[in-house]
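# Architecture and fold: a report
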Amino acid sequence: MVPREDRQGAAEHGHRITAAIACHVARAGGTVDELTRLLLNPDHEGGRHARHIALRSGQARALDYIRRVWASASAVVSNTRVLDSRQRAYEVFAAMRDRIETTPWRGERGRAALRVLRAHLTFAEIAGGPLHHASERQTAEEAGVSRTTLRTVYETVLKPQGWLRRLRVGHGREGSTWYLADGNAHASLSRFRTTQYPPDPALEEWPTPETRATADIDSTVIGHLMGHDAFAHHGLGSSALMIIGALHARPAQTINELVGSASVSRATAYRALRRLADHGLVHHSGETSSLAPRALEGFGTSLPDAVPGPTAHPAQGWDAVAQQYGTAGVATRRKPLHAAERAAYREALDRLAEHRSKAVVIVRDGRQILIPAPRPDEIPSAWHAPRGRVIDPVTGRPDADWRVATDGRLILITPSDQRSYDELAAAHAEALSE
């Protein structure tokens, strides 16, 4: 008997492997018949899930499952392009940037998600493709947000909506491996969820009737300014950043137009415009608003016929704006904090490595020779049985659940097949101690 959750985990794991094989066959120009022969071949380990369906539910059910997987794989492959050159990658980035700039990023959490996504787009452009490496601290510094905010928008906005996929979690001195997608995951939610939602408390606003389904901002400007202290949480904030990006993309907009183009509520638009106008960064002409000539550099100017308010202080650069709001030095303090966290983390890893690799030093011919101790998951040669099996030292017979890897270490074949190599090594060490 296998617990239900283990069977479900094994089925999901097998389906992912089957889907990956189907995508590879479709990309290589194969057919569904070739995929069927490959998966049902008893010598092909990747077809275990399909063969298990055939054994449990019959050949017809297995063939129907393979056809459905093939249809999904063919659709995915036909809708994707191979990035065979850097020029093709630039075209993909341009389309992705256009999609980001026309997507509504409502609420404080949405605006923070835009900053994080823009940071990942910068990393991907440097890497030359959607696949890139980035750590949490590196992304937080680029986006100008805290790590707490970063993790929140990862889990609640960017991952669920299909903008980012983490392929491998970072470890040691290597950052996580990410894949930048196009944010199409929300389109499939209509099959399972209603399209009418109450407002999220983190959004702090209802979607307004005048808010359009698309936005219109300049994400390059946002990516250039978002790391500055002037746009920290208690400074001008992300709402002013969105207003600047919208006005730079299309000058002379009314409040109604900014509500749609910047994806902000009417109250938020009034509040952000008032702050920017107080620093001379935005000029009003009737009902329309435009950026000052040197607003992107943080220098505010006043129109000759403008009547300055009692709290108006024309800005003299973004540093001066940050000083007025008390947010100056936020990014400077964040970097040493992250550097200290990295140093402490690496020191802990080094200590663990020293504990795992205790060695014996012998002297031979006047020279010291380091003999490393065997790892806890390495087995003596006497335990090796034919065909990669492991001899049980208690019964003296081969154990059906264990295999010997090519590097001489044990691999346990479990029904769910979900445990990592480190977990298997820890289980073996515990068994030896018992």
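For the structure, check the block above.
Now for a quick tour of the structure. (Residues numbered from 1 in each chain as written. Predicted model: local features only at pLDDT ≥ 70, side-chain atom pairs only at ≥ 80, totals over all residues. Heavy atoms only, no water.)

On to the pattern of salt bridges. If the charged atoms of two oppositely charged side chains come close together, the side chains can form a pair. For the structure shown, the criterion picks out 13 salt bridges. Between K159 and E155 there is a salt bridge, with the nearest N and O atoms lying 3.0 Å from each other. One network of salt bridges, with partners in common, ties together E136, R137, R147, R151 and E341. (Salt bridge = Lys/Arg side-chain N within 4 Å of Asp/Glu carboxyl O.)

Overall, antiparallel pairing links the 3 strands, which are arranged β1-β3-β2 in an open sheet. Each having just a single partner strand, β1 (131-134) and β2 (164-168) make up the two edges of the open sheet. Between one strand axis and the next, the sheet turns by 40° as a mean value, whatever way the strands run. (Pairing = 2+ DSSP bridges. Helix = DSSP H or I, 4+ residues; strand = E, 2+ residues; numbered from the N terminus. Axes fitted to C-alpha atoms, helices over the stretch in contact; angles between N-to-C directions.)

We now examine helix α13 (residues 318-325). Taken together, the buried positions of α13 are occupied by W318, V321 and A322. Buried residues in α13, looked at end-on, bunch into an arc of 100°, giving them a common side. What points out from α13, more than 90 degrees from its buried face, is the exposed set D319 and Q323. Where α13 is buried, its residues touch α9 (219-225) and α10 (237-249). (Buried < 20%, exposed > 50% of the residue type's maximum accessible area, 1.4 Å probe, protein only. Arc of directions from axis to C-beta. Contact = heavy atoms within 4.5 Å.)

With that settled, consider the pairing of strand β5 (residues 288-291). Only one face of β5 is buried: it carries S289 and L291, and the other face, with T288 and S290, is open. Strand direction decides the pairing type here: strand β4 (residues 282-285) and β5, joined by 4 bridges, are antiparallel. If you follow H284 over to β5, its bridge partner there is S289. Here β4 hands over to β5 after 2 residues, with G286 in that stretch at a positive phi of 70°.

Moving on, we come to empty space enclosed by the protein. Applying the stated criterion across every chain yields a total of 2 cavities of 30 Å³ or more. In this model, the largest cavity occupies a volume close to 40 Å³. Element by element, the count of residues in the lining of the largest cavity is highest for helix α14 (residues 330-356), at 3 residues. Here the residues of the lining of the largest cavity are counted per class, giving 5 nonpolar, 3 polar and 3 charged. (1 Å grid on protein atoms, 1.4 Å probe; cavity = no way out; pocket = protein on both sides within 12 Å on 5 of 7 lines; lining within 4 Å. Points joined across faces, edges and corners; volume = space filled by probe spheres on them. Nonpolar A, V, L, I, M, F, W, Y, C, P; charged D, E, K, R; others polar.)

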